[in-house]
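# Structure at a glance
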Amino acid sequence: PPTSTSGAPTDGHEYTRLENGNVLIDTYRPRTGVDLTSVGGPRDAGVLDGEIQEFTPSGKVVWTWNSGDHVPLEDTPPRWWKRILGNPHPDADGNERYDIFHLNSIEPRGPGMLVVSSRHTDKVFGISRKTGGILWNFGGRPDPRSLKVEGTDPLADYPIAGNHDTRIAGNLLSVHDSGTNLGRSPRALRYRIDLKAGTATYAGQFTDPAIRRSHCCGGFTRCARSATGSGQ
């Protein structure tokens, strides 16, 4: 099976085999001519969009999704821009590019949807496999497609920040919430989503009191009979 993306550098965050034998691999695709003056950046900037590519076992690309076609700059919160603008990444030709989305996990949900985590928007997105459109989102800047947060989450006003390793089993969404740049400890978070009702209901969290800060990159897998850390 293929192990690298087409037309842009392969990113190591995700490699997912589908039931039909195809695989999903992610990349950060460069895009030029982006006006970042509204966020304190250059007028004619290069950015890195998150892209998903689906390959057949023979290596043919049969489906792609690119965040630049669907996610506006406004979805990247103001607190991220100082870091993004101060930490450009070179593309394959050595040109500076700004990582405005930071795709870091891809999870299939049935044949018709992908659940995608984006660190630099503090959001999880449900993406239509048929149209590429965003069906729903959780966290970050509210918009008409945002799931309504319900339940007793103590951080319900802003449940995820710098999120990573988002997974879904049935209707149970699990997210590693890094709490990046918000002065709070990381946690392994679970929410039960109801797409018909448009809600996300708090289903508990796991924490480790010894860990006070997480810049990035954590993961969360709950074992069948036990879990590390304290939880509720």
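What you see is a predicted model, and the numbers here were worked out from it, not measured in a lab. (Residues numbered from 1 in each chain as written. Predicted model: local features only at pLDDT ≥ 70, side-chain atom pairs only at ≥ 80, totals over all residues. Heavy atoms only, no water.)

## Quick notes on the sheet that holds strand 9 (residues 123-128)
As a general point, the strands of a sheet are linked pairwise by backbone hydrogen bonds and lie either parallel or antiparallel. Formally: Strand pairing requires that DSSP identify at least two bridges connecting the strands. Only DSSP runs of H or I with at least four residues qualify as helices, and only runs of E with at least two residues qualify as strands; both kinds are numbered from the N terminus onward. Angles shown run from 0 to 180 degrees and are taken between the N-to-C directions of axes, each axis being a line fitted to C-alpha atoms and, for helices, limited to the stretch in contact.
Ordered by their spatial adjacency, 4 strands build an open sheet running 7-8-9-10, and the pairing between neighbours is antiparallel. Each of the sheet's edge strands pairs with one partner strand only, and the pair in question is strand 7 (103-109) and strand 10 (134-138). Within the sheet, the average angular offset between the axes of one strand and its neighbour, ignoring direction, is 20°. Examined bridge by bridge, strand 9 and strand 10 share 4 bridges and lie antiparallel to one another.

## Some remarks on helix 1 (residues 78-86)
Which entries qualify depends on this criterion: Accessibility here uses a 1.4 Å probe with only protein chains present; expressed as a share of the type maximum, an area under 20% marks a residue as buried, one over 50% as exposed, and anything in between as partly exposed. Here the arc refers to the directions that run from the helix axis out to each C-beta atom. The criterion used for residue contact is that any of the two residues' heavy atoms lie within 4.5 Å.
All of the buried residues in helix 1 are Trp 80, Trp 81 and Ile 84. An end-on view of helix 1 places all buried positions within 110° of arc, on one side of the element. Away from its buried face, by an angle of more than 90 degrees, helix 1 presents the exposed residues Lys 82 and Gly 86. Those residues of helix 1 hidden inside the fold are in contact with strand 6 (96-99).

## Some points on the packing of aromatic side chains
To be explicit about the condition: The rule is short: rings of Phe, Tyr and Trp, with Trp giving its six-membered ring, pair when the centres are within 6.5 Å, and they are stacked under 30 degrees, edge-to-face over 60, tilted in between. A ring is considered to have a charge above it if a Lys NZ or an Arg CZ atom is located within 6 Å of its centre and within 35 degrees of its normal.
If you walk through the whole model with that rule in mind, you get 4 aromatic pairs. Ring centres 5.8 Å apart and planes at 65° place the aromatic pair Tyr 191 and Tyr 202 in the edge-to-face group. Of this pair, Tyr 191 sits in strand 14 (residues 187-194) while Tyr 202 is found in strand 15 (residues 199-207), placing the two residues 11 residues apart along the sequence. Ring-pair connections join several aromatic residues into one group, and the members of that group are Trp 65, Phe 101 and Phe 125. Over the ring of Trp 63 we find Arg 129, and its NZ or CZ is 4.7 Å from the ring centre.

## Points about unusual backbone geometry
With a phi angle near 55°, His 102 is a residue other than glycine that sits in the positive phi range. Mapped onto the fold, His 102 is located in the loop between strand 6 and strand 7. One non-glycine residue, Asp 165, lies in positive phi territory at about 55°. Along the chain, Asp 165 falls in strand 12 (residues 164-169). For Asp 165, a relative accessible area of 13% gives the class buried.

## Things to note about the nonpolar core
Applied cut-off: By convention a nonpolar core is built from buried Ala, Val, Leu, Ile, Met, Phe, Trp, Tyr and Cys residues, the set being connected through side-chain atoms within 4.5 Å.
Membership of the largest hydrophobic core comes to 25 residues, with the highest contact counts inside it found for Leu 36, Ile 52, Trp 65, Phe 101, Leu 103 and Leu 114. When contributions to this core are tallied by element, the ones reaching two or more residues are strand 2 (23-34), strand 3 (45-55), strand 4 (61-66), helix 1, strand 7, strand 8 (113-118) and strand 9. Looking at which element gives the most residues to this core, the answer is strand 3, with 4 residues. Once you skip the residues sitting within four places of it in the chain, Phe 101 turns out to touch Leu 48, Gly 50, Trp 65, Ser 67, Val 71, Ser 118, Arg 119, His 120, Thr 121 and Phe 125.

## Details of the environment of Val 116
Here Val 116 is to be found in strand 8. Measuring from C-alpha to C-alpha, the distance between Val 116 and Asn 171 comes to 15 Å, with 55 residues separating the pair along the chain.

## Some words on the pairing of strand 9
The element strand 9 is extensively covered by neighbouring structure, given that 6 of its 6 residues are classed as buried. Side chains Lys 123, Phe 125 and Ile 127 project from strand 9 onto one buried face, and the interleaved Val 124, Gly 126 and Ser 128 project onto a second face that is buried too. Here strand 8 folds back onto strand 9 in antiparallel fashion, the turn holding 4 residues, of which Asp 122 has a positive phi close to 55°. Here strand 9 folds back onto strand 10, and the loop between the two strands holds 5 residues, one of which, Gly 132, carries a positive phi near 80°.

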